[in-house]
Every structure is written in C-alpha cells, then in structure tokens.
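A structural walkthrough
Take a look at the letters that make up each chain.
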Amino acid sequence: MSKIKDNGYLDMELLRFTTAGSVDDGKSTLIGRLLYDSKSIFEDQLESIQISSINRGFEHVNLALLTDGLRAERDQGITIDVAYRYFATPKRKFIIADTPGHVQYTRNMVTGASTANLAIILVDSRKGIVEQTKRHAFIASLLGIPHIIICVNKMDLIDYSESVFEKIKSDLQGFASKLHIRDMQFIPISALHGDNVVDKSKNMPWYGGPTLMYLLETIHIGSDLNLIDCRFPVQYVIRPQSDKYHDYRGYAGRIAGGVFRTGDKVMVLPSGFTTYIKEIDGAEGKVDYAFAPMSVTMRLENELDVSRGDMIVRENNVPEVSQDIDIMVCWMSPKKINVNGKYAIKHTTRDARCIVKNVLYKININTLHRLQDDKEVGMNDIARISLRTTQPFFFDKYKLNRITGSVILIDEATNDTVGAGMIL
Amino acid sequence: MQSYNLNHLRELEAESIFIIREVAAQFERPVLLFSGGKDSIVMSHLAVKAFRPAKLPFPLLHIDTGHNFPETIEFRDGLVEKIGARLVVGSVQESIDSGRATEETGPNASRNIIQTVTLLDTMEKYSFDAALGGGRRDEEKARAKERFFSHRDSFGQWDPKNQRPELWNLFNGRKIQGEHFRVFPLSNWTEMDVWQYILLEQIEIPSLYFAHQRECVNRKGVWLAKSDYIQLLDGEKWETKQIRFRTIGDMSCTGATISDATTIEDIIKEVAAARSTERGTRADDKRSETAMEDRKKEGYF
C-alpha cells in the first residue's frame with residue numbers, strides 16, 4: 001500500500017454517471033465540453049472532428065461528433081446507442097454513460113443508469129420541463145441513482161435569466177416530490193460557452209452554487225454501496241486439481257453487500273448450513289476483511305456443497321427467500337410482454353426460468369398515475385408485474401441493494417434481454 | 001480505522017475479475033486473445049488472479065500475422081511458460097497459403113484486415129464460444145459503444161445498432177449453436193489506467209514499450225520501424241531515432257513515438273502529457289472515418 005501513498009495519482013475515486021436529455025438539449029456538447037476542458041480530448045481526435053465538421057458543412061466544430069461514433073449516427077446526426085466516455089481530474093476518474101434522448105431508445109437510459117452513482121439530466125431553458133425530462137427523472141429515481149444534477153442548459157439563449165431558471169427548478173421540484181430522490185441539485189449552464197461547467201459564469205452573478213465540475217469532483221459517493229447487509233453470491237468454484245492444492249476449494253465472487261471478515265460465522269443459502277470463514281483471498285492476496293464491491297475468493301472451515309448461484313450471508317441477517325417475486329419492470333423488446341409466458345431470468349449469479357403471472361399496473365410516466373386497466377406492456381413501458389420462478393431466489397429489495405435486488409428477463413427463443421426488473 | 005473504499009484501479013480490477021470469472025462460468029470453451037501488447041498482458045495478469053491457485057481454465061490464443069516484432073513472440077513464450085497456460089496459435093500466413101485470405105499489396109500493405117479471417121477460422125476449428133479480448137472503450141469511437149459481452153452471429157459479425165442492453169452486473173451470454181461472444185473485461189479502463197495498473201502491480205512488459213534506438217522511416221507523420229515488411233517510397237529514408245511504441249501490433253502498421261521514457265513512471269508522465277491518442281499512430285485506423293466500426297462489423301477484435 002505504501003506505493004499508492006507515494007503516487008497520489010494511483011489513488012483516485014471512481015464516479016460513474018449517466019447523462020440524459022432530449023434531442024438537441026446540447027448533451028453531446030456538454031460532454032464534449034467536459035472532455036475538452038479536462039484536457040481529455042486529444043489533438044488527433046479534435047483534428048478528425050474538425051475535418052468531419054467541415055466535410056459536413058457545419059459552421060463550428062461539432063463536439064457531438066466526438067461521441068457519435070457509429071456511421072449511422074454521424075450520417076443522421078443522432079445518438080443511437082449508449083456510448084461510454086472517460087475523463088479524469090486530479091481528484092476523480094469519471095465514467096460517463098452517454099444515453100440518447102429519443103423516445104424509442106429509453107431502454108438505453110435504463111441501461112446507462114443501472115450502474116451509475118449520479119445522473120445529469122439536461123433541460124433546454126427555452127423549452128422548460130418536457131415529457132422526456134419527467135421520464136428521465138422518473139427513470140433515475142426508479143433505478144435508485146443516489147444523486148441527480150439537473151443542468152438547465154442554453155442559458156445564453158434566454159439572457160441568463162434567473163426567473164426562467166427558478167421557474168424550471170420549482171416545476172421540476174414539484175414533479176420530483178412524488179419520486180424517491182435522495183439528492184437533487186440544479187445548475188444553470190451554457191454548455192456551448194462553458195458557463196458554470198468548469199468555471200464559474202460571469203454572466204450569472206445571481207447563481208451562488210457550485211459549478212458542474214466542482215460538484216462532480218466533490219459529491220460524496222462513499223456511502224452509495226450497501227456495507228451493512230452481507231451478501232456474497234458464489235460465482236465460480238475454484239478447485240485446482242493439483243497435488244499441491246489437493247484439498248483446496250475456494251468460492252469466488254464479487255461481494256454484493258456488507259463486510260466479511262476471516263472467522264465470521266456465515267450461512268450458505270439455499271442449504272442453510274453454517275460454518276466459519278477460514279480465509280479470504282483478495283486481488284492483492286490474503287486479507288482480514290473484504291467488502292463490496294471487491295472480487296474475492298473465500299474458503300470455509302467446513303466442507304459444504306456450495307456451487308454457483310448459492311449465496312453466503314450472515315446467520316442473523318438473511319435476504320428474503322422466495323419463488324414469488326414482484327418487480328417493477330422496464331420492457332425493452334418490441335415484442336409485448338406475454339402474461340402467463342415463460343422467460344429465462346438472471347439474478348446475481350443464479351439462472352432460472354420464470355412465468356409472468358400477472359401485470360398489476362402500468363405507470364404513466366408523465367403523470368406517475370398507475371394504469372390498472374391497461375395491461376399491454378410494450379417497448380419502453382414500465383410496469384409492476386408478478387413472477388414465479390422455478391427455484392427460490394435470495395434477494396433484497398432493490399431500494400436496499402441494487403445488486404441483490406435486480407433481475408433481467410430473457411426471451412428464450414431469441415436470447416435477447418427483454419426486461420430489466422427491480423425487486424419491490 | 002478500517003477503510004471501505006476501493007481506489008479507481010482496485011475497483012476496475014474487481015470489475016474485470018468478475019467479468020473474466022463470469023466468462024469461465026457461462027461458456028463451455030472460452031479463450032483469451034493474446035497479442036503480446038500491454039492490454040493483453042494486463043488481461044492475463046487479471047485472469048491469473050481470478051483463478052489462483054488454480055491454472056487458467058482456458059487457453060491463450062495468438063493470431064500470428066507473421067509480421068510480429070521478434071520481441072513480442074519472445075515475450076509471449078516466456079509469459080505462457082511462467083503462468084503455465086496453454087497457447088493456441090492461429091497463423092495468418094496459413095490462411096493466405098490455403099487461399100482463405102488474400103494478401104494486400106502496395107507500399108501500405110497490411111495484414112491487419114485479413115487477421116479477421118484467421119481469427120474466425122481458428123475460433124471455429126477449436127469450437128471456441130467466447131473470446132476474451134483486451135479492447136477498451138476509450139481506444140476508438142466505435143469501441144465506445146461496445147458491450148462487455150458482445151454478441152456475434154455465426155459469421156462473427158457485430159450489429160452495433162441491435163446490441164443487447166447490459167444492466168447492472170447481469171451478463172447475458174445466451175446464444176445459439178455456432179454463435180459466439182467477444183468479451184471485453186477492460187472496457188472501462190483508459191490507457192492511463194492500464195499504465196498506472198502496470199506500475200501498481202509491477203507487471204513485466206516487452207522492451208518495445210521503453211525508449212530505445214531504432215531505424216525508422218517517417219511516413220505521413222508516423223514513424224515506422226525498419227523491417228522486411230516496410231518498403232521505402234520515393235524520397236523516404238531510414239533514420240536512427242530514440243523511440244518507443246505506445247501500442248504493439250503488426251510491424252507493418254504500428255507507429256513509434258519519439259521518446260526517452262525508460263521507466264513505467266516516465267511512460268505515465270508521457271501519457272499524461274500526450275496530445276494524441278495511442279491509436280493516433282496506428283495506420284490501420286486512419287483509412288477512413290469509421291474504419292474501426294467497419295472492421296468490427298466483419299468480425300475484427
């Protein structure tokens with residue numbers, strides 16, 4: 001560890017965020033700005049988009065061309081798929097999941113949001129809150145993103161008006177009061193000119209809050225993971241089959257919650273047998289304790305029958321165990337949900353099949369009303385459904401743990417991922 | 001006071017090890033693509049960690065263009081022996097000799113594109129159903145849209161507009177017979193992360209990455225090393241320069257940079273100050289605006 005202390009740059013925090021906005025909200029421009037101002041754009045990349053911009057007859061260098069990499073995207077001037085971007089400041093390394101704003105690609109926002117600590121939602125100051133804004137705020141809260149930053153963009157086009165900004169802020173706060181959002185902040189920006197992105201805007205003296213970059217660098221993310229409830233889904237069993245390690249049996253996996261220590265009394269699900277942790281092998285070698293999200297190998301005191309899909313937990317803090325599960329699903333397939341239909345389902349390291357028993361209601365994401373009469377669940381719909389699985393799952397509510405509380409549904413005929421589910 | 005935070009390198013490491021183990025668990029015949037470059041060296045380092053004290057549950061696959069730097073082959077053989085892995089070699093020369101692939105001609109000829117033929121043939125020959133690769137999303141704009149688990153049809157093709165959504169840490173590796181997956185555990189790493197990790201873990205890398213004297217020719221701003229595969233054009237001449245390589249591919253298309261970085265720390269300083277991307281020296285990416293996407297659709301790495 002001493003090496004890390006000697007080299008500060010080896011010891012940064014990782015922040016994953018997603019960006020969402022409607023078409024032409026300037027999202028790509030904002031990302032281009034963050035990359036450019038943090039010096040993460042290289043000369044050859046800039047040269048390449050300068051040439052592309054000229055070839056396409058644009059007046060300015062179009063920073064959107066940095067993120068829109070696919071041929072079809074460059075031709076149509078739109079973003080089709082989630083693109084991942086990276087930049088670092090001396091304090092943090094950032095991973096951006098840049099998701100497209102089109103209605104038909106909402107599933108991509110869910111994808112990008114599923115691993116994010118933070119969401120940036122862009123609002124065009126001229127248009128105010130639109131249907132997409134509400135959808136994005138709702139999805140961010142549904143996916144349990146701990147922090148949301150609303151960037152009110154294009155402030156330059158409304159003369160940096162404080163009243164317009166305040167109006168948008170109060171409109172959205174009104175809508176968001178119906179959602180479960182832990183932390184929501186508002187920043188007036190101009191992505192094109194850089195106001196309040198990295199440097200404080202001289203055009204908006206009335207704004208006393210932080211810039212976007214300052215917030216990204218300082219927002220507290222240490223408590224975003226569940227370090228209370230110990231959950232270790234067994235991913236792979238290591239048996240060396242060599243003379244030297246004849247009796248070695250290690251359970252490999254990534255800790256989904258809590259802190260495990262050598263000597264801890266643990267219980268293995270589904271068998272319910274208890275034993276003690278003999279040894280924990282982390283990425284850096286043997287450790288006394290390990291916590292989420294470390295990938296480790298655990299050895300147990302007793303020879304138990306443990307395999308992939310089992311879960312190691314603490315005896316006095318077990319997850320729910322059931323074959324009947326209610327989830328909020330985001331549907332991702334053009335083929336509508338088939339009530340009474342069977343799907344393959346994945347949960348932690350467990351694979352099973354399930355039947356969709358019932359659609360309880362669909363959600364109108366603009367009003368947040370529950371539609372109990374409309375049970376047709378199609379692409380981009382969000383609905384509460386009941387499942388019965390072929391084997392018991394060991395799970396927590398999604399609110400408590402995003403890893404042990406999430407499932408995906410797979411169409412058994414096409415093998416496509418068709419649903420993303422959050423356990424209620 | 002005990003700490004419950006992982007720094008960025010340890011978090012990336014944990015993510016990559018999880019993906020590598022997931023491949024071993026979900027597929028019957030996985031393979032790890034090994035080019036001899038730093039990314040595939042880091043990949044083998046992580047794979048060893050993922051399964052120790054057991055040996056790797058899959059072989060390494062090297063697609064040998066026949067235009068390798070001799071240092072690469074030497075390093076590859078040393079590493080394979082050290083970790084006790086099995087090595088499978090797919091030969092581009094054999095693909096050419098058997099008429100499966102046609103050699104490009106001309107001064108900028110490269111075997112980069114026809115590697116795909118050899119790769120797909122080798123995957124089929126050994127029935128490999130998942131190939132772990134060291135590709136990173138920060139390398140190139142088409143790669144930025146790549147999934148960790150990237151589905152390929154039975155022709156090895158990538159359909160970028162119709163990719164499976166990838167949520168949380170749930171990876172869907174289901175496929176029908178004949179299809180396969182490319183899996184990229186280093187997706188979220190940047191060039192800087194890779195170098196910092198090499199320093200942190202003291203990972204051994206080929207001497208080509210460090211500054212040394214070499215005869216080169218400057219072609220359109222790219223320094224190409226002297227070899228049997230490079231022919232001088234009118235007005236070009238060999239010059240001895242102090243150079244190093246930021247990426248290692250074919251001798252025919254990997255450009256060098258002028259450098260005096262002799263340690264990993266020097267390299268990190270150089271990367272931090274670099275004003276062009278590492279693939280900026282790769283002639284294979286300069287062929288068109290979407291050269292990488294076009295190759296990937298055909299089944300490239």
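Residues numbered from 1 in each chain as written. Chains lettered and ligands numbered in written order. Predicted model: local features only at pLDDT ≥ 70, side-chain atom pairs only at ≥ 80, totals over all residues. Heavy atoms only, no water.

Quick look at helix α6 (residues 191-201) of chain B now. All names here are of chain B. With respect to burial, α6 is a largely interior element, 10 of its 11 residues being buried. For α6, the complete set of buried residues consists of E191, D193, V194, W195, Q196, Y197, I198, L199, L200 and E201. Taken from the residues just after α6, Q202 is the one with a positive phi, measuring 50°. (Buried < 20%, exposed > 50% of the residue type's maximum accessible area, 1.4 Å probe, protein only. Helix = DSSP H or I, 4+ residues; strand = E, 2+ residues; numbered from the N terminus.)

Glancing now at the domain arrangement of chain A. One frequent convention defines the size of an interface as the accessible area lost when the parts assemble. All names here are of chain A. What the domain assignment reports for chain A is domain 1 (9-218), domain 2 (231-314) and domain 3 (320-423). Summed over both partners, the interface of domain 1 with domain 3 buries about 1,500 Å², with 63% contributed by carbon and sulfur atoms. Counting the surface domain 1 buries against domain 3, the share from its top three residues, R107, F138 and L142, is 37%. Where domain 1 touches domain 3, the interface holds 0 salt bridges. The tally of links from domain 1 across to domain 3 stands at 5 residue pairs in polar contact (both at pLDDT 80 or more). Sorting the residues of the side of domain 1 that touches domain 3 by element identifies α6 (106-113) and α7 (131-142) as the ones contributing at least two each. Per-element accounting of the side of domain 1 that touches domain 3 gives the leading share, 6 residues, to α7. Taken together, the residues of the side of domain 1 that touches domain 3 sort by class into 13 nonpolar, 6 polar and 5 charged. (Domains from an automatic or database assignment. Buried area = accessible area lost by both parts, 1.4 Å probe. Salt bridge = Lys/Arg side-chain N within 4 Å of Asp/Glu carboxyl O. Polar contact = N/O pair within 3.5 Å; in protein donor to acceptor, adjacent residues only side chain to side chain. Nonpolar A, V, L, I, M, F, W, Y, C, P; charged D, E, K, R; others polar.)

Moving on, we get to the side chain of T89 of chain A. Residues and elements named next belong to chain A. Among the structural elements, T89 can be located in the loop between β2 (83-88) and β3 (92-98). We classify T89 as buried; its relative accessible area is 10%. A polar atom in the side chain of T89 sits 2.6 Å from the side chain of E217.

It is worth spelling out the sheet that holds strand β6 (residues 183-188) of chain A at this point. Remark on secondary structure: sheet strands pair via backbone hydrogen bonds, oriented parallel or antiparallel. Residues and elements named next belong to chain A. On the basis of which strands lie adjacent, the open sheet formed by 6 strands has the order β2-β3-β1-β4-β5-β6 and mixed pairing. Here the strands that pair on one side only, and so sit at the sheet edges, are β2 and β6. Sheet twist, expressed as the mean angle between neighbouring strand axes with direction ignored, is 25°. Pairing geometry for β2 and β3, over 6 bridges, is antiparallel. Residue pairing across strands places A88 opposite K93, the latter belonging to β3. (Pairing = 2+ DSSP bridges. Axes fitted to C-alpha atoms, helices over the stretch in contact; angles between N-to-C directions.)

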